[in-house]
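# Observations on the three-dimensional arrangement
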Amino acid sequence: MKTLQVSLGDRSYPIHIGSGLISKPELFKPYIANKSVFIVSNTTVSPLYSKKLINTISEDAKSVHEVILPDGESYKDWATLQKIFDAMLANGADRKSVIIALGGGVIGDMAGFAAASFMRGIRFIQVPTTLLAQVDSSVGGKTGINHPLGKNMIGAFHQPVAVIADLDTLKTLPPRELSAGLAEVIKHGAIADSSFFHWIEAHTRELTACDLDAMAHAVERSCEIKSAVVAADEKESGIRAILNYGHTFGHAIESGMGYGQWLHGEAVGCGMVMAADLSARLGHIQTHEVERIKKLVAAMALPTCAPPLGNQRFFELMRIDKKSEGGEIRYITLEKIGQAKIEAVDDSIVNQTLSANQAG
Ligand code: NAD
Ligand code: GLY
């Protein structure tokens, strides 16, 4: 097992990464001993892992309850969030209660938001079970739900007390979900570490085959990169925005197509190709570097061509992005592979990127 630290003063927390961690009571005990615990999971993940987790924690916890939500991005909404509060209040939860998010990014974001707001804030543990959640969403404290008009528009910053990433859970992940997680792995290399980007290029076979040694390195290096950015700018007043590389275009695809049609990671993969194209049009990177990014995204079985939403619709959707300021869209571009920047771009140049990268 490897343990990293997210350094945020008295809200610092460990990220444990390794095999078999769901079965290790000592990792959970410091946070749940004598507490009423609410495991938040979904109809897909619960049958796979809840029993194991309940066995691990039931000796130390005062009580263990499970809240099982419907599965899918389209349920990342108020009505589903309410089910968590309903179950907690019906089962005597109090300010000392602890939530454990057992699932992918949808569960982590919703359970985290429930923890941020229940009785004005209680503690929660992230137990991410998708690659995307292990390399990205479980770390950094962004929690929330979608609004029909915009992705992740309602939420709060609320850090977990621990992240426990059991690599064994990746063995049951469908290939399409594995690919979605690999998009965020590529993102970390593209924005912050060219040698990691190169390592990903050299290990596409192992990564798409879910080889656990390759996964361990991908999760560890991604979490190191993300933790460092979050420690520098927890609430995204500046540099943290680079973690949104590919997301301005990607979020527009996700909400424009209807939540759940394109997976988040698929939209980010395609969005990274578009943001690379934009970076080249701005003269930051060379065309061959755009091709390198496109090739890597394609090698992970991710789409590289956007759906034909139309340029005007793309602009409408992108203006709702949280990075927009006074209606002005801010893009994450690449100065080179391994270094990102945040900038406003003239619509005429973005139009060229949109026209060149939509299907049809
Ligand atoms: P997800 O949570 O929908 O999980 C993907 C699918 O895999 C679901 O059907 C789920 O039930 C299933 N699943 C989960 N673990 C499994 C396992 N071990 N075996 C088999 N099936 C399993 O999607 P995701 O890709 O994990 O997360 C995407 C969400 O994360 C989006 O809503 C996105 O906005 C959010 N996100 C948040 C942050 C953040 O910083 N908070 C960062 C990136 C993404
Ligand atoms: N996924 C972007 C962030 O955590 O800031």
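Just so it is clear, the model here is predicted, and its values are computed rather than measured. (Residues numbered from 1 in each chain as written. Chains lettered and ligands numbered in written order. Predicted model: local features only at pLDDT ≥ 70, side-chain atom pairs only at ≥ 80, totals over all residues. Heavy atoms only, no water.)

Right, let's get into the packing of aromatic side chains. Scanning the model with the defined rule gives four aromatic pairs in all. Ring centres of W78 and F113 lie 6.3 Å apart, and the angle between their planes is 50°; this geometry places the pair in the tilted category. In this pair, W78 sits in helix α3 (residues 78-90) while F113 sits in helix α4 (residues 105-117), placing the two residues 35 residues apart along the sequence. W78 gets classed as exposed once you look at its relative accessible area, which sits at 51%. Among the residues examined, F113 registers a relative accessible area of 9% and is labelled buried. Centre to centre, the rings of F196 and W199 are 5.9 Å apart; their planes meet at 15°, and the pair counts as stacked. In this pair, F196 and W199 are both assigned in helix α7 (residues 194-202), three residues apart and thus about one turn of the helix distant. The class of W199 is buried, set by a relative accessible area of 19%. (Phe/Tyr/Trp six-rings, centres within 6.5 Å; stacked < 30°, edge-to-face > 60°. Helix = DSSP H or I, 4+ residues; strand = E, 2+ residues; numbered from the N terminus. Buried < 20%, exposed > 50% of the residue type's maximum accessible area, 1.4 Å probe, protein only.)

Both strand β10 (residues 330-336) and strand β11 (residues 339-344) contribute to a ladder of six bridges, which runs antiparallel. Looking across to β11, one finds that K336 is bridged to Q339. (Pairing = 2+ DSSP bridges.)

Taken together, D136, K142, K226, E236, R240, L243 and N244 make up all the residues around ligand 2. The contact in question runs from a nitrogen atom of ligand 2 to an N or O atom on the side chain of D136, over 3.4 Å. Computed on the free molecule, ligand 2 has an accessible area of 200 Å², of which 90% lies beneath the protein chains in the complex. (Near = heavy atom within 4 Å. Polar contact = N/O pair within 3.5 Å; in protein donor to acceptor, adjacent residues only side chain to side chain. Areas by Shrake-Rupley, 256 points an atom, 1.4 Å probe, with all protein chains shown as cover.)

Our next topic: the side chain of D277. Within the secondary structure layout, D277 lies in helix α11 (residues 264-281). A polar contact is formed between the side chain of D277 and the side chain of R281, at a distance of 2.6 Å. At 2.8 Å, the side chain of D277 forms a polar contact with the side chain of T353. In this structure D277 touches V290, T353, A356 and N357, once residues within four positions along its chain are discounted. (Contact = heavy atoms within 4.5 Å.)

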